[in-house]
Amino acid sequence: MAKQKLTFQTKSLGIYVHIPFCRSKCQYCDFYSMPRDDKTQEYMDRYVKALEMHIREGGARAPKYEVDTVYFGGGTPSYFGAERLRQVYQCIAKRFNVSKNAEVTLEANPDTVTEKGCKRLIASGFNRISIGVQTNDDATLKVLGRPHTFKQAVKAVNIARDAGFDNVSLDLMFGLPAQTPQMWADALGSIIDLHPDHISCYGLTLNVGTPLYYYRNQAMLPDDDAQAAMYLYAVSTLEAYGYRQYEISNFAKNGRECMHNLKYWLGGEYMSFGPSASSDFAGTRYTFASNLPQYIKAVTTGDAITTECEYVPIKERAGEYIMLRMRTIYGIEREEYEKTFLMPFDPLEQLLKFYGSRGLAKLADGRWYFTPQGMLVSNQLIGQLIEAQTKSTPLSPHRF
């Protein structure tokens, strides 16, 4: 199958805004967020003002960039409220050169999706919504600490559509406690029946520090082989219904790939705002502290706000090219790699041909990419590719 080659202009920019508020914390979540308490509303209002200050500062650093994607993630942006989201996005539109065709996404939980809120967001310029459904089984949702039912998820999708969102993405998880192959098939079928434009299928990850991690031995989790079978079933089923896999966990109808996330995977530039948010802008990668009060104070007083900040050398970028692009069906290509990084492609191709002989990789239109079976063990394969890269000798620039 021929693969579309996606590239981004040098001066295109994505913007990410982290909304660190949730109605409640899920049992598996290790993202930085704050569950509701008696100070939540006060912090939300202070956070809007801090974001506006920080966005003004960021816009002054990017006068030659055009913003073509904006993504509000969390946490639960929909819990933050449509009016606050509108305020923040209007500040972005005022301080940055935002394309009239920009993809503007918010993440939402079903229990916080309202008709009034969606209409206000549409009127403000939002055009894509990503709703965290996770499963159609209410008992499992309760075990996961999700604050909604599947009936609410169906209602949320209908509300979003009726309000005017014509780009709807749904999140689904597999490998859940006590989940059987039939339960997974039912969940996948229920999501397909909602006719989303985009579906994300994530395997449950047990992160140290989360409640689910500590009772994992009692959670009756499917084993690795069962999870692998669930994943491959999802790939084949979604393809049959017109959802093309374009990244390890992501599937889309034609033209509905998440352009913001593709920036991460294909090496585009992005600037982020909010505690714990990371940026890759003007050759430098930096991350803000995972502490909301500290973030607000630093923005308003001018104190140091980053916990990490580094210029990324070209050889490290070459490793990221492999690591990120091999997560996608766009893969890697000889001329692009060698001209960009002055590193030989031959050591990589030797491994890729070996993977191909085992059904783990394919070559199409000059680009190597993993098959679904390869995606299952991609961490291991990518590690081997990067090891081969680090042992290779750089090419002479005179070659080109």
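Quick note: structure is the one above.
Here's a quick rundown of the structure.

Rules of the game
Residues numbered from 1 in each chain as written. Predicted model: local features only at pLDDT ≥ 70, side-chain atom pairs only at ≥ 80, totals over all residues. Heavy atoms only, no water. Pairing = 2+ DSSP bridges. Helix = DSSP H or I, 4+ residues; strand = E, 2+ residues; numbered from the N terminus. Phe/Tyr/Trp six-rings, centres within 6.5 Å; stacked < 30°, edge-to-face > 60°. Buried < 20%, exposed > 50% of the residue type's maximum accessible area, 1.4 Å probe, protein only. Lys NZ or Arg CZ within 6 Å of the ring centre and 35° of its normal. Core = buried A, V, L, I, M, F, W, Y, C linked by side-chain atoms within 4.5 Å. Salt bridge = Lys/Arg side-chain N within 4 Å of Asp/Glu carboxyl O.

## Quick look at the sheet that holds strand β16 (residues 361-364)
Okay, step 1: Ordered in space as β15-β17-β16, the three strands form an open sheet in which the pairing is antiparallel. For this open sheet the edge positions go to β15 (332-333) and β16, each flanked by a neighbour on one side alone.

## Considerations on the packing of aromatic side chains
The description of two aromatic rings rests on the distance between their centres and on the angle between their planes.
Okay, step 1: One pass over the full model with this rule turns up 22 aromatic pairs.
Okay, step 2: Seen from their ring centres, F174 and Y231 are 6.3 Å apart, and the 45° between their planes marks the pair as tilted. Highlighted residues: F174 in strand β7 (residues 168-174) and Y231 in helix α9 (residues 224-240), separated in sequence by 57 residues. Taken individually, F174 and Y231 each receive the classification buried, so the pair is uniform in this respect.
Okay, step 3: Among the aromatic residues, ring-to-ring pairing joins F21, Y47, F80, Y286, F288 and Y295 into one connected group.
Okay, step 4: When the ring centre of F80 is taken as origin, the NZ or CZ atom of R84, which lies over that ring, is 5.8 Å away.
Okay, step 5: Sitting over the face of the ring of Y243, K253 holds its NZ or CZ atom 4.5 Å from the ring centroid.

## Considerations on the nonpolar core
Okay, step 1: Residues F72, I92 and F96 are the most contacted members of the largest nonpolar core, which totals 112 residues.
Okay, step 2: The next biggest cluster of nonpolar side chains, apart from the first, holds nine residues, and it includes C26, M173, L204 and L212.

## Some points on unusual backbone geometry
Okay, step 1: Residue G75 is bonded to the preceding G74 through a cis peptide linkage, with omega at 20°.
Okay, step 2: Looking at the secondary structure, you find G75 in the loop between β4 (66-74) and α2 (77-80).
Okay, step 3: Phi is positive for Q134, which is not a glycine, with a value near 75°.
Okay, step 4: Secondary-structure assignment places Q134 in strand β6 (residues 128-134).

## Things to note about the pattern of salt bridges
Okay, step 1: Using the criterion set out here, one finds 26 salt bridges in the structure.
Okay, step 2: The residue K119 makes a salt bridge to E115 at a minimum N-O spacing of 3.0 Å. With a gap of four residues between them, K119 and E115 both fall in helix α4 (residues 115-124), about one helical turn apart.
Okay, step 3: The salt bridge partner of E320 is R317, with a shortest N-O separation of 3.7 Å. Taken together, the positions of E320 and R317, both in helix α12 (residues 314-325) and three residues apart, correspond to about one turn of that helix. Of the two residues, E320 and R317, neither departs from the other in class, the shared state being buried.

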